[in-house]
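Understanding the architecture of this molecule
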Amino acid sequence: MIVLGVESSCDETGVALVHAHADAVPVLLAHTLHSQTDMHRAYGGVVPELASRDHIRHVLPLTREVLTQTGTSLNAIDVVAYTKGPGLAGALLVGAGVACALAAALDRPVVGVHHLEGHLLSPFLSPDPPCFPYIALLVSGGHTQLMQVDDVGRYRLLGETIDDAAGEAFDKTAKMLGLGYPGGPALARLAAFGNAQSFDLPRPLLHSANLDFSFAGLKTAVMLQLRKCGNACEQDKADLAAATQAAIVDVLVHKSMHALRSSGLQRIVVAGGVGANQHLRARLNEKCTEQGARVHYPELALCTDNGAMIALAAAMRLQRDSSLARRDYAFNVLPRWALETA
Ligand code: KG4
Ligand code: ZN
C-alpha cells in the first residue's frame, strides 16, 4: 500500500510517500517540505491568511516533486491522507481540499489524520523505532502533553499545559530578547553562549502531584529580569536565554520521568518541534539512562511539521483497520480536536 500524506496545518507544507507492507512498520519513500518561516518572519509570527495562500502555491508542486523523486506515478497511490486538525482552519482546508480532490480523481480512498498522532508516531520512521506501549512527550508550538500510547489509536492524556505550550514559551521569550521568528531554534542557539545560573527563573508546577505544565509565568519572570537589567547587554541576553531553556527543560524532564515512574513504563518518545532541542535531548538521555529507561526521537528533520508523519499515521491506522479509508470526498476540518477522540 502506497500512502500519499499532505500536511498543511500551520506554516509548513509537507508532502510524503510511505510504503506499508502487511504488518511491517511503514517505510518512508520520500518527503518534500516548504517552510513559510521566511514569509512570516516580517510579522513576528504566523499570519493565518498568508499561510493558507502559501499552502495553495506549494502543495501541488511538492506533490509532483515527491512523485518524481521516487519515480511513482499518480496511479500507484493507493490512499491519500491529509491533516484534518488541529491547526489553522484555512490552512487545513487547503490540504484537505487538495487531498480529497486528488483521491476523487484517482478513485482512491482518503483518510483524515490528527496532527498530533502524526507527531507521536513519527519515531517509527527512525532507525531505532519504539514498540508499544510508551509514554509520549508532545512538545510543539501549540501543545505540551504527556500521553500514554498503548497502541495506534489508543492514547490516554496524562497531563498537559494549563496555559502556554513549551514551544510558545520559547517563542515568546525569544521575541522579548529580540531574536525574531521562529524563536525556539534562535533561543537555543543563543543559550549555548550563556550561563543558565546567572538568572534564577521559576520552574512552574515542578513539584505538583499531577502531570500538568504551566509556562505562562515564565515569560513574565523573564520580562521582569530584563527590566531589572535595564539596557541588557549581549551577555545578559545569552544568560537569560540559557536560564529560560534550562527552566523549560527542567520541567519537561522532571514531569516525563514522573510519567514513566507512575505508569511503570520504560519507554518514552519525544515528538513535536521542541523535541529538536539538543539540551532537552541531552538531559532526557541522561535521566533515562539513570532510570534504565529508553528514549526515542524522530529523525531531526521529522521533529517539526512534515507530510511523512501524516502518511505514516494513516498507514499505521489502516494496517489495523482498513475500514477507516473512506470514499466520501465531502471533507471537513477540525481546527480544535482532542487526540483522544481521534
Ligand atoms: O511541531 P511544530 O513544528 O509545529 C507545531 O505543531 O506547533 O513545533 C514548532 C515549535 C515552535 O514553537 C518552535 O519554536 C519550536 O517548536 N522549536 C524549538 C526548536 N525547534 C523548534 N524549540 C526549542 N528548541 C529547538 N531547537
Ligand atoms: Zn506540529
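Keep in mind the model is a prediction, meaning the values are calculated, not measured.

Cut-offs and rules
- Residues numbered from 1 in each chain as written.
- Chains lettered and ligands numbered in written order.
- Predicted model: local features only at pLDDT ≥ 70, side-chain atom pairs only at ≥ 80, totals over all residues.
- Heavy atoms only, no water.
- Axes fitted to C-alpha atoms, helices over the stretch in contact; angles between N-to-C directions.
- Helix = DSSP H or I, 4+ residues; strand = E, 2+ residues; numbered from the N terminus.
- Parallel < 35°, antiparallel > 145°, perpendicular 65-115°, else oblique.
- Left-handed = near helix turned anticlockwise from the far one by under 90°.
- Contact = heavy atoms within 4.5 Å.
- Nonpolar A, V, L, I, M, F, W, Y, C, P; charged D, E, K, R; others polar.
- Core = buried A, V, L, I, M, F, W, Y, C linked by side-chain atoms within 4.5 Å.
- Buried < 20%, exposed > 50% of the residue type's maximum accessible area, 1.4 Å probe, protein only.
- Domains from an automatic or database assignment.
- Buried area = accessible area lost by both parts, 1.4 Å probe.
- Near = heavy atom within 4 Å.
- Polar contact = N/O pair within 3.5 Å; in protein donor to acceptor, adjacent residues only side chain to side chain.
- Areas by Shrake-Rupley, 256 points an atom, 1.4 Å probe, with all protein chains shown as cover.
- Pairing = 2+ DSSP bridges.
- Salt bridge = Lys/Arg side-chain N within 4 Å of Asp/Glu carboxyl O.
- Phe/Tyr/Trp six-rings, centres within 6.5 Å; stacked < 30°, edge-to-face > 60°.

Their axes nearest at 11 Å, the elements helix α7 (residues 216–229) and helix α8 (residues 234–263) cross at an angle of 160°. Taken together, the axis directions place α7 and α8 in an arrangement best described as roughly antiparallel. In the crossing of α7 with α8, the sense of the turn from one axis to the other is right-handed. Contacts between α7 and α8 involve L218, V222, Q225, L226 and C229 from the former and D236, L240, T244, A247 and I248 from the latter. For the contact of α7 with α8, a count of residues per class yields 7 nonpolar, 2 polar and 1 charged.

This part takes up the nonpolar core. Core analysis: the biggest nonpolar cluster contains 47 residues, and F215, L252 and L284 have the highest contact counts within it. Every element with two or more residues in this core is listed here: β6 (134–139), α5 (166–176), α6 (183–191), α7, α8, β9 (267–271) and α9 (278–291). The greatest single-element share of this core, amounting to 14 residues, is contributed by α8. Not counting the four nearest positions on each side in its chain, L252 is found in contact with L137, V139, T144, A166, F213, F215, V274 and L280. Judged by nonpolar contacts, the second largest core, of 34 residues, contains V113, L125, A314 and L318.

Let us look at the domain arrangement of the protein. Here the domain parsing of the protein yields domain 1 (2–121 + 302–341) and domain 2 (132–297). Each of domain 1 and domain 2 was reduced to a C-alpha centroid, and the two centroids are 27 Å apart. The partner domain 2 presents 24 residues to the 20 residues of domain 1 that form the contact. When the two sides are added together, the surface that domain 1 and domain 2 hide from each other amounts to roughly 1,800 Å², 68% of it contributed by carbon and sulfur.

Taken together, the neighbourhood of ligand 1 is formed by 17 residues, with G141, D171, G184, G273 and N277 sitting nearest. Interatomic distance of 3.5 Å between a backbone N/O atom of V274 and an oxygen atom of ligand 1. D305 places a polar main-chain atom, nitrogen or oxygen, 3.2 Å from an oxygen atom of ligand 1. In isolation ligand 1 has 550 Å² of accessible area, and contact with the protein removes 86% of it. When contributions to the shell around ligand 1 are tallied by element, the ones reaching two or more residues are α4 (115–121), α5 and α6. Looking at which element gives the most residues to the shell around ligand 1, the answer is α5, with 3 residues. Here the shell around ligand 1 is built from residues that sort into 4 nonpolar, 11 polar and 2 charged.

Judged by pairing direction, the sheet is mixed, and its 5 strands sit side by side in the order β3-β2-β1-β4-β5 without closing on themselves. Looking along the sheet, the strands with just one partner apiece sit at the ends: β3 (27–35) and β5 (110–114). Ignoring which end each strand starts from, the neighbouring axes of this sheet average 20° apart. For strand β1 (residues 2–7) and strand β2 (residues 12–19), the ladder comprises 6 bridges, and the chain directions are antiparallel.

What the rule picks out here adds up to 14 salt bridges. In this structure, D164 and K172 form a salt bridge, with 3.2 Å as the shortest nitrogen-oxygen distance. Taking relative accessible area as the criterion, D164 reaches 8% and is therefore assigned buried. In the salt-bridge network here, residues are joined through shared partners; they are D164, E168, K172 and K219.

The geometry of two aromatic rings is summed up by the distance between their centres and the angle between their planes. A complete count under the given rule lists 4 aromatic pairs for this structure. Measuring from centroid to centroid gives 6.3 Å for F124 and Y134, while their planes differ by 45°, and the two rings are tilted. Here the residue F124 occupies a position in the loop between α4 and β6, and Y134 occupies one in strand β6, the gap between them amounting to 10 residues. Here F124 matches Y134 in class, with each residue buried. Pairing F213 with F215 gives two aromatic rings, centres 6.1 Å apart and planes at 15°, and the pair type is stacked. Each member of the pair, F213 as well as F215, is classed as buried. Among the aromatic side chains, those forming a connected cluster through ring pairs are F124, F132 and Y134.

This paragraph deals with the sheet that holds β9. Strand order in the open sheet formed by 5 strands is β8-β7-β6-β9-β10, with mixed pairing between adjacent strands. At either margin of the open sheet sits one strand with a lone partner, and together these are β8 (154–160) and β10 (294–296). Between one strand axis and the next, the sheet turns through 25° on average, direction left out of account. Note that β6 and β9 share 4 bridges and pair parallel. Each bridged residue has a counterpart across the sheet, and for I135 the counterpart in β9 is I268. The sheet contacts of α8 involve β6, β7 (144–151), β8 and β9, and relative to β6 the element is tilted by about 160°.

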